[in-house]
Amino acid sequence: MWTIKMENIPYCNSVHFVRHKYGVEHYVQSQRKNPDRGAERQDAPVTHIMDINAQELIFMARKRLCFKADDITRLIMNVICSKIQKIDPVWETVLLPACGCDEKNCREFKPCGFYHIM
Ligand SMILES: [Zn+2]
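Basis of the calculations
- Residues numbered from 1 in each chain as written.
- Predicted model: local features only at pLDDT ≥ 70, side-chain atom pairs only at ≥ 80, totals over all residues.
- Heavy atoms only, no water.
- Helix = DSSP H or I, 4+ residues; strand = E, 2+ residues; numbered from the N terminus.
- Buried < 20%, exposed > 50% of the residue type's maximum accessible area, 1.4 Å probe, protein only.
- Contact = heavy atoms within 4.5 Å.
- Areas by Shrake-Rupley, 256 points an atom, 1.4 Å probe, with all protein chains shown as cover.
- Lys, Arg positive; Asp, Glu negative; His and termini not counted.
- Charge placed at Lys NZ, Arg CZ, Asp CG, Glu CD.
- Phe/Tyr/Trp six-rings, centres within 6.5 Å; stacked < 30°, edge-to-face > 60°.
- Lys NZ or Arg CZ within 6 Å of the ring centre and 35° of its normal.
- Pairing = 2+ DSSP bridges.
- Axes fitted to C-alpha atoms, helices over the stretch in contact; angles between N-to-C directions.
- 1 Å grid on protein atoms, 1.4 Å probe; cavity = no way out; pocket = protein on both sides within 12 Å on 5 of 7 lines; lining within 4 Å.
- Points joined across faces, edges and corners; volume = space filled by probe spheres on them.
- Nonpolar A, V, L, I, M, F, W, Y, C, P; charged D, E, K, R; others polar.

K.L.:
When you look at the overall build of the protein chain in this model, what are you seeing that I'm missing?
P.N.:
Helix and strand counts for the protein chain stand at three helices and three strands. The N-to-C order of helical and strand elements in the protein chain reads β-α-β-β-α-α. In terms of overall dimensions, the protein chain has a C-alpha envelope of 55 × 30 × 25 Å along the principal axes. Counting every position in the protein chain, which comprises 118 residues, the buried fraction comes to 35%. A separation threshold of at least 6 residues defines the contact pool for the protein chain, and within that pool the share at least 24 residues apart is 66%. Here the protein chain displays about 7,700 Å² of accessible surface, and carbon together with sulfur accounts for 54% of that area. When the 17 basic and 14 acidic side-chain charges of the protein chain are each reduced to a single mean position, those positions are 3 Å apart.

Okay, here's the thing in structure tokens:
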């Protein structure tokens, strides 16, 4: 398991990670400090901490490294994977997008095309 702290990531990207719910617990900074919550921008910076197990990290990488994922979310996921791979290089062979793994095809309704093999 890892505890991953993401500081000052856009709120709209934080919600992409919050969608993952098995094997992960999220702690996201509240926007309640602003009495007019509707005034907070979607890209307001938040701190997001995840306690995540290995299986969910693999699953998250498979979804969030695909080129159909949001560009900033993919960038954040890349940073997470890079830092874990730096600690333990064995993760270089598992933290991959689904479309770059043994499945050989992007699983999105409209494939990203980057790893698509005819
Ligand atoms: Zn893909």
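On we go.
K.L.:
Please explain the packing of aromatic side chains as it appears in this structure.
P.N.:
For any two aromatic rings, the description comes down to two numbers: the centre-to-centre distance and the angle of the planes. Under the defined criterion, the tally for this structure stands at one aromatic pair. When the centroid spacing of 5.1 Å and the interplanar angle of 80° are considered together, the rings of W2 and W91 count as edge-to-face. A residue pair is termed long-range when its members are at least 10 positions apart, and W2 in strand β1 (residues 2–10) and W91 in the segment after α3 (71–87) qualify at 89 residues. Sitting over the ring of F67, R74 keeps its end group 4.0 Å from the ring centre.

K.L.:
Honestly, the sheet that holds strand β3 (residues 45–52) in this entry has me stumped. Any pointers?
P.N.:
As a general point, the strands of a sheet are linked pairwise by backbone hydrogen bonds and lie either parallel or antiparallel. Pairing in this open sheet of three strands is antiparallel, and the strands run β1-β3-β2 from one edge to the other. Each of the sheet's edge strands pairs with one partner strand only, and the pair in question is β1 and β2 (24–28). Between one strand axis and the next, the sheet turns through 20° on average, direction left out of account. As judged from the seven bridges shared by β1 and β3, these two strands associate in the antiparallel manner. Each bridged residue has a counterpart across the sheet, and for K5 the counterpart in β3 is I49.

K.L.:
Any chance you could explain the layout of surface pockets here in plain terms?
P.N.:
One number sums up the size of the largest pocket: a volume of about 190 Å³. Lining the largest pocket are 13 residues, and of these I4, K5, V79, I80 and K83 lie nearest its centre. Breaking the lining of the largest pocket down by element, the ones donating at least two residues are β1 and α3. Among the elements that take part in the lining of the largest pocket, β1 stands out by supplying seven residues, more than any other. The class makeup of the residues in the lining of the largest pocket is nine nonpolar, one polar and three charged.

K.L.:
I tried to follow the environment of P35 on my own but got confused; where do I start?
P.N.:
In this fold, P35 is placed in the loop between β2 and β3. Spatially, the C-alpha atom of P35 lies 19 Å from that of C12, the residues being 23 residues apart in sequence.

K.L.:
Sorry if this is basic, but what is going on with empty space enclosed by the protein here?
P.N.:
A probe matching the size of a water molecule, rolled over the atoms, marks out where space remains unfilled. Here the structure, examined in full by the defined rule, presents one cavity of 30 Å³ or more. Size it by volume and the largest cavity reaches roughly 40 Å³. Around the largest cavity, the lining residues are R62, K63, C66, A98, C99, C106, R107 and E108. Looking at the lining of the largest cavity, its residues break down into four nonpolar, no polar and four charged.

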